[in-house]
Amino acid sequence: MNCPYCHYHDSKVIDSRDANDGVRRRRQCLSCGARFTTYERQQPTSLFVIKKDQRREEFNKDKLLTGIRKACEKRPLPTGTVDKLADDIEAELYHQSKSEIPSTTIGDMVMESLKKLDYIAYIRFASVYREFADITALKQEIDNLVSNEVKAPRPVSQLPLLPAEELETADRRRQGSRR
Ligand SMILES: [Zn+2]
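For clarity, every value in this text was computed on a predicted model and none was experimentally measured.

Participant: Explain the nonpolar core to me, please; I cannot follow it from the model alone.
Facilitator: Nonpolar side chains in soluble globular proteins tend to end up buried together. By size, the foremost hydrophobic cluster in this structure holds 28 residues, and its most contacted members are Leu64, Ile68, Ile89, Leu93, Ile106 and Leu114. Looking at this core, the elements with two or more residues in it are α1 (61-71), α2 (81-95), α3 (103-117) and α4 (119-129). Here this core gets seven residues from one element, more than from any other, and that element is α4. Beyond its immediate chain neighbours, meaning those up to four positions away, Leu93 contacts Leu47, Phe59, Ile101, Ile106 and Met109.

Pasting the structure below:
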């Protein structure tokens, strides 16, 4: 670890203590004398994903992120939502401290999160991930969503299922009041 101030390559440890999940070391640069802190953490062991065809593939967060991003494309979600979702799922996967995880488990986790976030993104992700055989299966899934929504009030954070339609109605209302 180079000195953050003068980039000298060597330092001495002046204090060392256990932090939550690693070791915190107070160091002093041997060249300029500046003090800085380093944290030593254990690297999570590599995680493998078991695909549907039983092939193993190292877990790739970028791939996860791409899938979620595609599903959320052009949805009015707050900045950072997609990244946070991927971060949370990654953290949970490593937290399970297994070396292998079926891809279906990860898919289910994404589906659960998207369902709470945005129905359109959820349906988009589901249509790729579940490979709906035909339009009937897709309609069934949407019907389930809609009937659940009637039973339970929509969570505050949930965006309307058909925003375009709602906007249209609002537009018509506004036009009407102008007359
Ligand atoms: Zn230095």
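Picking up where we left off.
Participant: Please clarify how the pattern of salt bridges should be interpreted in this entry.
Facilitator: For side chains of opposite charge, pairing can occur when their charged atoms come near one another. Applying the stated criterion across every chain yields a total of 11 salt bridges. One salt bridge in this structure joins Arg56 and Glu100, with 2.8 Å as the shortest N-O distance. One end of the pair, Arg56, is in strand β5 (residues 56-58); the other, Glu100, is in strand β6 (residues 100-102), with 44 residues separating them in the sequence. The residue Asp118 makes a salt bridge to Arg75 at a minimum N-O spacing of 2.8 Å. Taken together, the residues span a long stretch of sequence, with Asp118 in the loop between α3 and α4 and Arg75 in the loop between α1 and α2 at a distance of 43 residues. Taking the relative accessible area as the measure of exposure, Asp118 reaches 0% and is therefore buried.

Reading the values: the criteria
Residues numbered from 1 in each chain as written. Predicted model: local features only at pLDDT ≥ 70, side-chain atom pairs only at ≥ 80, totals over all residues. Heavy atoms only, no water. Core = buried A, V, L, I, M, F, W, Y, C linked by side-chain atoms within 4.5 Å. Buried < 20%, exposed > 50% of the residue type's maximum accessible area, 1.4 Å probe, protein only. Helix = DSSP H or I, 4+ residues; strand = E, 2+ residues; numbered from the N terminus. Contact = heavy atoms within 4.5 Å. Salt bridge = Lys/Arg side-chain N within 4 Å of Asp/Glu carboxyl O.

These values are about where atoms sit, not about what they do.
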